[in-house]
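# Structural overview
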Amino acid sequence: MKRIQYHQYGGPDLMRLEDFELASPGTGEVAVKVRFAAINPIDWKLRSGVMKIVTGKVFPRAMGMDFSGTITAIGPGVTRFKIGDAVFGLARFKESGALGEAVITREAFLARKPDNVSFEDAACLGTPGVTALNGLVDKAKLKAGQHVFINGCGGAIGEAAVQIARMLGATVSGSCSANVMERARSLGVQNVFDYRTTDLSKIAERFDVVYDTAATMTVATGLRMLRKGGVFLDLNPSPGKLIRSIFDRRLKPIIGAPRADILDHVAHAAQDGKFRIPVGEVVPLSGAIRLIGALEAGRKLGGKGLVAMD
């Protein structure tokens, strides 16, 4: 089998499509034949070494977090799935590996793919859905009737946050680029601002939750936009922000943490037609390195970049 991997931390030139042998699933783990994998910024961030304190120094290292596929083997203690189940979800953070023909992951990082959701669409749901729910539900405890501001509401995580917030009964405002403002409105964003021409700190409205899904806001701006008792969700955590958040409960750094209940929530929402992340371009595994490099360099697709394994 083949997958994309690298032999040292660094830039896009280090990615290789290489043969590998899939390990047997351990306790609580399953093996999945990947149908589609979605490309996320975390893929090249991990490859660049920004999280090497977690990912370690053992090479080669695999790439890719989000995928859909079919379970081919189960490890001891697995109770939620059986061989042949169609699933979607995330690879293990440290090991990654979704950008390949097969992957080992934890059963808690998967949900059953709804019959009415394609493998292509299902592959896009994992990281955006988990990140949106981690922030809005786990951290902000968002309630119906509250007002949320989503910075980057035109990106994958931003769109996920808009849809989740609307499902929870919140009013949503946000910022994005001018070319996707109409799509943001179609998803239910009430007031949409062009981030290129708007100083967010000058917006008069105050919000119960500000979610910086674009990871471009300063903490000072995010906190300034809050109502009393509001929460600023920061998708660009750092040691300094984590320490500050201990003393300032308004600041909530977000580190994605997939769980079975979250992914099941995402699956049900997708099944009901209430949650979808658009697909921008699909390439075969042989073309994945080129597309990853282009996205890393700033290319915009207007949807998720997908890699087809068949």
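None of these values were measured; they are calculated from a predicted model.

### Focus: the layout of surface pockets
Here the second largest pocket defines a volume of roughly 240 Å³. Together, 15 residues line the second largest pocket, and Arg3, Ala62, Arg92, Glu95 and Ser96 are the ones closest to its centre. Of all the secondary structure elements, the ones that give two or more residues to the lining of the second largest pocket are strand S4 (61–62) and strand S7 (102–106). Considering only residue class, the lining of the second largest pocket consists of eight nonpolar, one polar and six charged.

### As for the pattern of salt bridges
Inspection of the entire model under this criterion finds 20 salt bridges. The residue Glu95 makes a salt bridge to Arg92 at a minimum N-O spacing of 3.7 Å. The salt bridge involving Asp261 is made with Arg259; its shortest N-O contact spans 2.9 Å. Given a relative accessible area of 46%, Asp261 falls into the partly exposed group. Arg259 gets classed as partly exposed once you look at its relative accessible area, which sits at 31%. Residues participating in the shared-partner salt-bridge network are Glu29, Arg92 and Glu95.

### Brief notes about the state of the cysteines
Under the definition given, this model contains zero disulfides. Residue Cys124 stays outside any disulfide, its sulfur separated by 18 Å from that of Cys153, the closest cysteine. Classification of Cys124 as buried rests on a relative accessible area of 0%. The thiol sulfur of Cys176 is not disulfide-bonded, and the nearest other cysteine sulfur, from Cys153, lies at 3.8 Å.

### What to know about the pairing of strand S10 (residues 171–176)
For S10, the buried fraction is high: five of the six residues fall into the buried class. As judged from the five bridges shared by strand S9 (residues 147–151) and S10, these two strands associate in the parallel manner. When the sheet's bridge partners are listed, Val148 is paired in S10 with Val172. Of the crossover connections in this fold, the one passing from S9 over helix H5 (residues 156–167) to the parallel S10 is right-handed. Bridge count for S10 against strand S11 (residues 189–194) is five bridges, and the pairing is parallel. Bridging across to S11, Ser173 finds its partner in Asn191. Handedness of the S10-helix H6 (residues 181–187)-S11 crossover: right-handed.

### Describing the sheet that holds strand S2 (residues 16–19)
Read from one edge of the open sheet, three strands run S2-S1-S4, paired in antiparallel fashion. Because the sheet does not close on itself, it has two edges, and the strands there are S2 and S4. One ladder, built from four bridges, connects strand S1 (residues 2–6) with S2; its direction is antiparallel. Its bridge partner being in S2, Gln5 is matched across the sheet by Arg16.

### So, the side chain of Asp66
Locating Asp66 in the fold gives a position in strand S5 (residues 66–74). Lacking a salt bridge, the buried Asp66 has Lys304 as its closest oppositely charged neighbour, with an N-O distance of 5.1 Å. A distance of 2.7 Å separates a polar atom in the side chain of Asp66 from a polar atom in the side chain of Thr127. If near-sequence neighbours (up to four positions away) are discounted, Asp66 is found in contact with Phe36, Ala37, Ala38, Asn40, Gly89, Leu90, Ala98, Ala123, Gly126, Thr127 and Pro128.

Basis of the calculations
Residues numbered from 1 in each chain as written. Predicted model: local features only at pLDDT ≥ 70, side-chain atom pairs only at ≥ 80, totals over all residues. Heavy atoms only, no water. 1 Å grid on protein atoms, 1.4 Å probe; cavity = no way out; pocket = protein on both sides within 12 Å on 5 of 7 lines; lining within 4 Å. Points joined across faces, edges and corners; volume = space filled by probe spheres on them. Helix = DSSP H or I, 4+ residues; strand = E, 2+ residues; numbered from the N terminus. Nonpolar A, V, L, I, M, F, W, Y, C, P; charged D, E, K, R; others polar. Salt bridge = Lys/Arg side-chain N within 4 Å of Asp/Glu carboxyl O. Buried < 20%, exposed > 50% of the residue type's maximum accessible area, 1.4 Å probe, protein only. Disulfide = S-S within 2.5 Å. Pairing = 2+ DSSP bridges. Right-handed = clockwise from strand over helix to strand, strands pointing away. Lys, Arg positive; Asp, Glu negative; His and termini not counted. Polar contact = N/O pair within 3.5 Å; in protein donor to acceptor, adjacent residues only side chain to side chain. Contact = heavy atoms within 4.5 Å.

Take it as geometry only, folks, not as evidence of what the structure does.
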